[in-house]
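Structure at a glance
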Amino acid sequence: MTALPDTAARPGAAPAPGAGGAAPRRGRSTLRRALAYAGLSVVTVLVLVPFAWMLSSSLKRDNQVFTVPIQWIPQELRWSNFIEIWERIPLLTYLGNSAFLSVVITLLQVLTGSFAAYGFSKVRFPGRDALFLAYIATIAVPWQAYMVPQYIMMQQAELTDTYWSIILLQAFGAFGVFLMRQYYMSIPDDLCEAARIDGLSEYGIYWRIMLPLSKPALASLALLTFVNTWNDYMGPFIYLTSNELWTIQLGLRSFVGQYDAEYAMIMTGAVLSVLPIMVIFLFGQRYFIRGIATSGLK
Amino acid sequence: MTQALTQPTPAPPRRARAWRDILVGWSFILPNFVGFALFTLVPMLAAFALAFLEWDSYSSPEWVGLDNFRQMFGDENFHVALRNTLFYAAGHIPLTLVAALGLAMALNRRIRGVQFFRTAAFFPYITSLVAVAVVWNMLFNPTAGPINQLLEAIGVAEPPRWVASTDWAMPAVIITSVWRDMGYYMVLYLAGLQTIPREYYEAATVDGAGPWQRFWSVTLPCLRPTTFFVLVMLTIQSFKVLDLIVVMTDGGPGRSTLVLAQLVYREGIREGQFGCSSAVALVLFVIVLTVTVVQFRINERRSAT
């Protein structure tokens with residue numbers, strides 16, 4: 001549970017406003033701290049209210065969701081919602097599909113991204129930096145501007161309504177290359193030079209030196225890619241029409257469209273769709289946030 | 001990136017070595033590059049060409065010059081979508097920026113347990129848009145939703161009907177997107193705040209500056225590079241907004257939340273009007289590019305003075 005380890009407590013970092021050096025007056029600093037906690041709690045509660053609503057509604061009956069005044073803690077907790085939903089929609093299939101797509105795309109992105117990043121950072125050859133610039137430039141172009149040509153390509157190749165379309169379009173992004181290269185640049189070239197003198201091939205250096213050294217960056221990239229793929233809506237929405245291929249996001253959206261008055265059940269589905277990502281995030285948030293803070297790009 | 005460019009190239013190696021390096025270098029890059037070139041680079045270039053073609057899914061492509069653009073500017077949907085996109089950007093950019101900075105300032109304390117609060121503030125960002133949209137649509141429920149109950153409790157006689165009304169649907173979408181994105185930009189601001197030397201604050205305090213003055217004359221100027229970056233990212237993100245709209249309002253009610261990217265999707269993918277939709281896509285790209293370039297220019301000028 002240590003978020004932001006890099007930025008949290010560094011000597012010489014900006015002091016907490018108002019907390020600086022008031023040691024003699026103990027009582028005042030305790031009061032200040034209490035106020036700080038109170039302020040933080042208020043902000044956090046405000047941020048988390050929608051989640052509270054989601055969880056609370058998921059444990060109610062449909063007709064208890066919208067009551068005046070709001071019941072934040074349901075009178076009876078209907079845990080049975082969490083059993084019934086599995087029969088109402090093929091939730092297991094949807095979750096499995098999402099997991100499959102996320103794992104495959106993450107693996108491909110991490111492997112090809114880190115491999116290419118080695119070429120871009122540790123092997124010198126003409127045209128390398130120009131090529132890398134082309135990679136970077138595409139990150140700034142909104143995907144929405146070229147989604148139609150992509151769709152035409154997939155249609156011509158008859159890959160729509162297959163996982164191939166999603167995997168091919170998302171597994172080779174420039175972002176992975178960019179993130180890994182940033183990290184490789186911080187690893188001294190001398191290390192590779194020494195390995196070369198020892199007779200290791202470039203592939204050996206990549207596999208036995210760079211990969212083990214870049215575990216934190218690999219973790220960042222893997223987590224970011226996994227979460228993005230799991231949460232992606234437009235990709236599956238455009239390409240996947242067969243119900244048995246749907247991801248959890250499509251499944252949940254279609255459930256909402258069909259049974260828009262089953263408020264409680266909709267919230268149950270929402271909780272279940274968010275849960276895996278929350279667990280993954282709680283375990284890996286250090287890498288997740290470091291990835292964002294160092295690259296600054298999604 | 002600059003690091004690689006400024007590194008001196010080693011003394012001209014022997015020819016065989018040079019060729020070997022090219023082969024080895026490309027062998028590393030190729031697995032990713034093939035996919036990247038085919039599925040990102042080619043479609044990107046094709047997008048430009050498509051805008052000048054008359055092409056739907058039934059006929060073969062034909063060069064028509066600027067016809068698509070003429071048609072687009074005559075299309076009322078385009079004007080509505082452009083206006084809505086600007087409205088969204090005008091709300092989303094400043095509100096997210098202020099919320100993210102506020103969160104970062106509040107959470108930039110060295111007290112026990114601050115990690116927990118930071119994690120909580122970041123949670124919305126990793127939540128899927130479908131879940132976010134579904135929950136907020138209920139929160140915004142006009143009759144019995146918590147938001148309107150709160151508004152009524154504090155004395156608003158006729159609270160807005162939010163996603164059910166043409167006037168308030170876009171503000172509802174903006175509020176939702178600010179809530180979801182602020183945690184992400186908070187992380188960037190927190191990183192920026194850590195780079196401000198403690199001595200600056202001490203010096204300001206010695207000079208008699210209060211907390212408010214310290215914020216305006218130390219914190220904000222020192223955060224300028226971060227703010228610039230956040231602004232650029234927010235701008236790009238705002239103009240290309242699509243998925244939140246699709247899952248939350250689908251452009252409605254009426255056309256009140258129809259945005260440019262959605263027009264591209266509707267015309268291009270749903271209706272198969274490839275040429276027309278690519279013209280809209282090109283406009284979208286040019287807007288994003290122009291705003292970004294202008295921001296870079298302003299930033300350069302300010303840095304120079």
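Residues numbered from 1 in each chain as written. Chains lettered and ligands numbered in written order. Predicted model: local features only at pLDDT ≥ 70, side-chain atom pairs only at ≥ 80, totals over all residues.

**Quick word on the overall build of chain B**
Secondary structure assignment for chain B yields 14 helices and two strands. Its C-alpha radius of gyration of 25 Å places chain B more than 25% over the 19 Å reference for a compact globule of 305 residues. For chain B, the spread of C-alpha atoms along the three principal axes comes to 65 × 65 × 35 Å. In chain B, buried positions account for 43% of the 305 residues. Contacts in chain B between residues far apart in sequence, at least 24 positions, make up 68% of those at least 6 positions apart. (Helix = DSSP H or I, 4+ residues; strand = E, 2+ residues; numbered from the N terminus. Rg over C-alpha atoms; globule rule 2.2 N^0.38 Å. Buried ≥ 20, exposed ≤ 12 C-beta atoms within 10 Å, placed from the backbone. Contact = placed C-beta atoms within 7 Å.)

**Some points on the overall build of chain A**
The helix and strand inventory of chain A stands at 13 helices and zero strands. Counting over 298 residues, chain A shows a buried share of 43%. Long-range pairs, those at least 24 residues apart, make up 77% of the contacts in chain A between residues at least 6 apart in sequence.

**Focus on the confidence of the model for chain B**
Residue and element names in this part refer to chain B. Per-residue confidence for chain B gives a mean pLDDT of 86, with 95% of residues at or over 70. Confidence drops under pLDDT 50 across residues 1-6; counting only partners more than four residues distant or on other chains, this segment forms four contacts. This complex was scored by the predictor with a pTM of 0.85 and an ipTM of 0.83. (pLDDT = per-residue confidence, 0-100.)

**A look at the UniProt feature "domain: ABC transmembrane type-1" (unreviewed entry) in chain B**
In this numbering, the UniProt entry assigns the feature "domain: ABC transmembrane type-1" (unreviewed entry) to residues 82-295 of chain B. Across residues 82-295 of chain B one finds 75% helix and 0% strand; the C-alpha atoms that close the span lie 20 Å apart. (UniProt positions renumbered as here; feature names shortened; annotations may be inferred.)

**Here's the deal with the domain arrangement of chain A**
Residues and elements named next belong to chain A. Here chain A is described as being made up of domain 1 (26-78) and domain 2 (89-295). If you average the C-alpha positions of domain 1 and of domain 2, the two centres end up 34 Å apart. Every contact between the two is made by eight residues of domain 1 and, on the other side, eight residues of domain 2. Considered class by class, the residues forming the side of domain 1 that touches domain 2 number three nonpolar, two polar and three charged. (Domains from an automatic or database assignment. Nonpolar A, V, L, I, M, F, W, Y, C, P; charged D, E, K, R; others polar.)

**Focus: the UniProt feature "domain: ABC transmembrane type-1" (unreviewed entry) in chain A**
As recorded in UniProt, the sites labelled "domain: ABC transmembrane type-1" (unreviewed entry) are residues 95-284 of chain A. Helix makes up 78% of residues 95-284 of chain A and strand 0%, and the two end C-alpha atoms of the span are 20 Å apart.

**Structural notes on the interface of chain A and chain B**
Contact with chain A, which involves 87 residues of that partner, is made by 83 residues of chain B. Sort the elements by how many residues they give to the side of chain A that touches chain B and helix α1 (residues 26-58) of chain A lands first, with twelve residues. A class-by-class count of the residues in the side of chain A that touches chain B yields 63 nonpolar, 17 polar and seven charged.

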